[in-house]
Amino acid sequence: MGVTGAAGPVMDRDEVDRALARLGAEHEAIETSLLALQDHAGRRLLEGAELTGTTKERWAAAEQEITRLWAYFDAYTDALTSARELRARRRWPSREELVELTELLRGESVTLAGGAPATGAPASLTGPTRLSEQFTLSALVERMNGLYASSLDMVVAADAVWSALPARIDMLSAELARTRQLAQSVGVRPGEHPAGDDLDRITSELTALRAQVVSDPLTFWRPTPGSSAPGGGRPDTERYDREARALEEVRREIDAVLGVRQDAELRLGKLRDLLSRADRTLAEARAARGEVLAKIAASEVPAVSGPPTVLQEQLATAAEYRRSAQWHRLSPLLESLEQKAESELLRARESLEKVTQPLAVRAELRGRLDAYRAKVARHGAAEDPLLIERYDAARRMLWSAPCDLRVAEQAVLRYQHAAAEVLAPRVPYQGQPTDRRGD
């Protein structure tokens, strides 16, 4: 149109109508967002909660932002209403009316009382608070968008933490109560078992954690780096997860104690059997030692100790724990006793083996002597005088008591050597008759 004013070129009728339609759509969208923020569950919770720490500080600032947001929206509504009323006066507005509409729609037509700087702007850059501020409708929409995003981010973050953590903490607390009841049924109590102390600590930590989550949820909010969307982030569940893992470990410990209660009698029976076998083996070793001392001369025979009474005492203690249902004490005692009983049986067997070694050597020498005699007999040399003499000498030593193993072994070796000479084939000299004794 070639006409200009304080707000720039004067808009024509079509431009005015298009601007009013756009601003009306923006007004409707802003109103819908503000009403949604007003009814947001997180906002209602924040209004009614006893807040502390970071959440208390940020909610105080957010409440002021929301109040300013509604004041800006009311001013925006008034300016838009004024522009609509002016446009509705006549179908074809006059030049003066178009100038006024241009000023309303594009100029700094909205005057508001001064307040805090725009969201995110440091005070040092904006200077002292002004008594009033003037906005174009576009600048006012931008300011409202900033305030809305900041307020919504805080509300959504608090609501996300409240939606995630308290319910999970309550479920874990219920599981904790069931575990505590189960622990008491098997004698796992604070001061008497480490798992009982852990249950007390977990209870205290969950109580403190829930109270802090309810009063200061933003402490447990971790924004997503680089995200500009309201509510971009996640609740921090590290403390909750740590206690959940600790409770699971306690539960496994209690399950182990329950397992002890279920198979305690069977395990005690196996322990009695192991210790009885160890005692019988030691008794056999003591009897064998007496036989060795009587039948074997010049032999070092190790002493055989008696059964350890401490294991029998511990077994009696374990049986008493079972009778009195002290499962938490029985569990570690059974594990220790099972290892010691296995070691005791192994020790008894080793003692028997060491004690009977001379008898085993004598038996081996007897078997070797008889084997060579049978071999000589198969070759028809059983009547050889030298072999008969050496066989009888070795046999007297091996079948007499006490038997000197070293001397008897030498006698057996002499018989072996004589048998080898008798059985060795003879190579005749040329022209001389063959000696058939080797055959």
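(A) Seen up close, the environment of arginine 414. Mapping arginine 414 onto the fold places it in helix H13 (residues 405-423). A relative accessible area of 40% places arginine 414 in the partly exposed class. Considered as a pair, arginine 414 and arginine 390 are 24 residues apart in the sequence and their alpha carbons are 7.1 Å apart.

(B) Structural detail: the confidence of the model for the chain. Residues at a pLDDT of 70 or more form 89% of the chain, whose mean pLDDT is 83. Within the chain, helix H5 (residues 123-126) has the poorest average pLDDT of any element, 41, and helix H7 (residues 194-215) the best, 93. Across residues 116-127, where pLDDT falls below 50, the model places ten contacts with residues more than four positions away in sequence or in other chains. Predicted confidence for residues 429-439 stays below pLDDT 50, and this span has ten contacts to residues more than four positions away or in other chains.

(C) Looking closely at the packing of aromatic side chains. According to the stated counting rule, one finds three aromatic pairs in the structure shown. Ring geometry for tryptophan 70 against phenylalanine 73: centres 5.9 Å apart, planes inclined by 90°, an arrangement best described as edge-to-face. In this pair, tryptophan 70 and phenylalanine 73 both sit in helix H3 (residues 53-87), three residues apart, roughly one turn of the helix. Of the residues examined, phenylalanine 73 reaches a relative accessible area of 4% and is grouped as buried. Seen from the ring of tryptophan 92, arginine 13 lies directly overhead, with NZ or CZ sitting 3.5 Å from the centre. For arginine 366, the ring lying beneath its charged end belongs to tryptophan 399, and the centroid distance is 4.5 Å.

(D) Summary view of the pattern of salt bridges. Overall, the coordinates contain 24 salt bridges when judged by the stated rule. Taking the shortest distance from any N to any O, the salt bridge between arginine 58 and aspartate 153 comes out at 3.8 Å. With a gap of 95 residues between them, arginine 58 in helix H3 and aspartate 153 in helix H6 (residues 137-185) connect regions that are remote in the sequence. Residue class for aspartate 153 comes out partly exposed when judged on its relative accessible area of 24%. Here the residues in one salt-bridge network are Glu175, Arg178, Arg251 and Asp255, joined through shared partners.

Quick notes on the rules
- Residues numbered from 1 in each chain as written.
- Predicted model: local features only at pLDDT ≥ 70, side-chain atom pairs only at ≥ 80, totals over all residues.
- Heavy atoms only, no water.
- Helix = DSSP H or I, 4+ residues; strand = E, 2+ residues; numbered from the N terminus.
- Buried < 20%, exposed > 50% of the residue type's maximum accessible area, 1.4 Å probe, protein only.
- pLDDT = per-residue confidence, 0-100.
- Contact = heavy atoms within 4.5 Å.
- Phe/Tyr/Trp six-rings, centres within 6.5 Å; stacked < 30°, edge-to-face > 60°.
- Lys NZ or Arg CZ within 6 Å of the ring centre and 35° of its normal.
- Salt bridge = Lys/Arg side-chain N within 4 Å of Asp/Glu carboxyl O.

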